[in-house]
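Tertiary structure, described
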Amino acid sequence: MDLRYWLPRAVDVVERWGERFGPFQPHPSHEVSDHAFADVFEQFAKRLEDNYPFFHPRYAGQMVKPPHPAAVAGYVTAMLFNPNNHAAEGGPATTEMERECVAALAGMFGMREHLGHLTTSGTMGNLEALYVAREAHPGKGIAFSAESHYTHERMCHVLGVRGHKLPVDAVGRIDLDALDHVLATGKIGTVVVTTGTTGLGAVDPVHEVVPLARKYGVRVHVDAAYGGFFTLLAQSGVIDPEPWQAIPDCDSVVVDPHKHGLQPYGCGAVLFSDPRAGRHLMHDSPYTYFTDSDLHLGEISLECSRAGAAAAAFWLTTQLLPLTPDGFGTILAGSRRAALRWAQLIDESAELRLYQRPQLDIVNYFPAVPLQTLSAIDTASDRLLRDSMAAADNPVYLSLLRTTADAFTTRHPGTGRDAGSARVLRSCLIKPESEGYVEQLHARVADLAADAAAPIGQTGFWW
């Protein structure tokens, strides 16, 4: 796809549609000359150079990558109409596209029934799911693991619900014994499980949590914001299918198409397995919901205004790359292979150590320091991050993860425990292009790791 061809077509689509309504005189207050625009646009373009190369596999830091060209073309075209999917009268065409996209996501997860909509983010989706959880079990708390996204704890504060943070096992999954213990108190109404934690990419054992929660009459919410699309690899047997096969038995699930779904920010989604969950969100408005007798998306959402362009972009993308193992699944498979290959290279490396074997496509590692203490690893990891981005020649872009002393020494028992925590490197290989670049990426990071660790002697200081 060549956007230099398709983006002008977006303007053609809108102009051709607008001609049916007849001419009118634009208001002079909107007028901007091409000369004036050119000057400001040049400043604008220059400012955008202050960015990281999210499109390139040398960027192996956060969960960021550019949208697919089809998503860009779809978003820009629909944005020129500027629909608002809060109500059907705000965007009739994109409302239908959104319904179809949500149905496709429900089908991807194998949900037998569903009610849902797109959101601006996973945070908003999780907030809505936890709001429904609060309404369904008033006075009850919400349990989540220490590795779950920090917004779950924050959303509990927002909702006035007590949050219960639970320990995790040796690979970052929710501890089932601790969960059983807290559920037995009768104080919990909902437990949050994560299929792909933000720090480690750990996948909670959803298939074991569901029967445990049901024993106590507790709801289960799945935060699949990052890892949700990996259900396609579970369907083809590339990863353990059991956690993913249990998602249809849960009460709600959140997934972010603006991560692995190739969409521009912000595009999340929340789905409920029981359509009756909508009763907790139903409301009326004196000036909307008149043009369609069907349920308007805004009637089952905490959010009001939402960009119809997000639905248009996702719809267009999924028409070309369907949510199947042979469609989107091939994209996820490339990222997964890249992570496994890098883990193998790290295992064979003298300069790097693997913190934990990747479950999805997030790789965590740290420089091999002469004296393996938490403080030495923390200092070397920080220096590696800064040196890698500051390099004038051949930079790479990584991110950090702060680990507790308990978590680190559980995985690496021989480590000197001279601090309460240690930072390690974290690379989200969210782009399938990483598969063809991982050898080059590893070689560069290994060189930088050797430099980062070399000055650290027995004292752990830099002189």
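Remember, it's a predicted structure, so these values are computed and weren't measured experimentally.

Running from amino to carboxyl end, helix H1 (residues 3–18) crosses helix H3 (residues 69–81) at an angle of 25°, the nearest separation of the two axes being 9 Å. Here H1 is positioned roughly parallel relative to H3, judged by the angle of their axes. Where H1 crosses over H3, the two elements pack in a sense that is right-handed. In this structure, H1 uses Leu3, Trp6, Leu7, Ala10, Val11, Val13, Val14 and Trp17 to contact H3, whose residues at the interface are Pro69, Val72, Ala73, Val76, Thr77, Leu80 and Phe81. For the contact of H1 with H3, the residue count by class is 14 nonpolar, one polar and no charged.

Moving on, we come to unusual backbone geometry. Between Tyr265 and the following residue, Gly266, the backbone shows a cis peptide bond with an omega angle of -10°. Mapping Gly266 onto the fold places it in the loop between strand S6 (252–255) and strand S7 (268–272). The backbone of Asn82 sits at a positive phi, close to 60°, despite the residue not being glycine. Topologically, Asn82 is positioned in the loop between H3 and helix H4 (92–109). The residue Asn394 is not glycine, and still its phi comes out positive at about 60°. In this structure, Asn394 sits in the loop between helix H13 (374–390) and strand S10 (399–404).

Positionally, Gly327 belongs in the loop between helix H11 (308–320) and helix H12 (328–347). Residue Gly327 is classed as buried on the basis of its relative accessible area, which comes to 8%. Along the backbone, Gly327 and Leu232 are 95 residues apart, and their C-alpha atoms lie at a distance of 9.0 Å.

Residue-level pLDDT values for the protein average 93, and 95% of them are 70 or greater. Here residues 456–463 is a poorly scored stretch, pLDDT under 50, and it has 13 contacts once near neighbours within four places are set aside; other chains count.

A few words on the environment of Leu374. Tracing the backbone through its elements, the reader meets Leu374 in helix H13. Separated by 50 residues in sequence, Leu374 and Val424 place their C-alpha atoms 9.9 Å apart.

Attention now moves to the nonpolar core. Counting 52 residues, the largest nonpolar core has Leu105, Leu179 and Val191 as its most contacted members. In terms of residues, this core owes the most to one element, H4, which gives six residues. If sequence neighbours within four positions are ignored, Val191 has contacts with Ala143, Ile174, Leu179, Val209, Ala213, Val218, Arg219, Val220 and His221. Of all hydrophobic cores here, the second largest spans 25 residues; its members include Ala60, Ala339, Leu352 and Ala452.

With that out of the way, let us pick up the sheet that holds S6. Spatial strand order, S1-S7-S6-S5-S4-S2-S3: seven strands in an open sheet with mixed pairing. For this open sheet the edge positions go to strand S1 (115–119) and strand S3 (163–166), each flanked by a neighbour on one side alone. Averaged over all adjacent pairs, the angle separating strand axes in this sheet is 20°, with direction ignored. Against the sheet, helix H6 (residues 150–159) makes contact with strand S2 (141–145), S3, strand S4 (188–194) and strand S5 (219–224), and its axis sits at roughly 165° relative to S2, the strand it touches most. Lying over the sheet, helix H7 (residues 176–183) contacts S2, S3 and S4, oriented at roughly 150° with respect to S3.

Cut-offs used in this document
- Residues numbered from 1 in each chain as written.
- Predicted model: local features only at pLDDT ≥ 70, side-chain atom pairs only at ≥ 80, totals over all residues.
- Heavy atoms only, no water.
- Axes fitted to C-alpha atoms, helices over the stretch in contact; angles between N-to-C directions.
- Helix = DSSP H or I, 4+ residues; strand = E, 2+ residues; numbered from the N terminus.
- Parallel < 35°, antiparallel > 145°, perpendicular 65-115°, else oblique.
- Left-handed = near helix turned anticlockwise from the far one by under 90°.
- Contact = heavy atoms within 4.5 Å.
- Nonpolar A, V, L, I, M, F, W, Y, C, P; charged D, E, K, R; others polar.
- Buried < 20%, exposed > 50% of the residue type's maximum accessible area, 1.4 Å probe, protein only.
- pLDDT = per-residue confidence, 0-100.
- Core = buried A, V, L, I, M, F, W, Y, C linked by side-chain atoms within 4.5 Å.
- Pairing = 2+ DSSP bridges.

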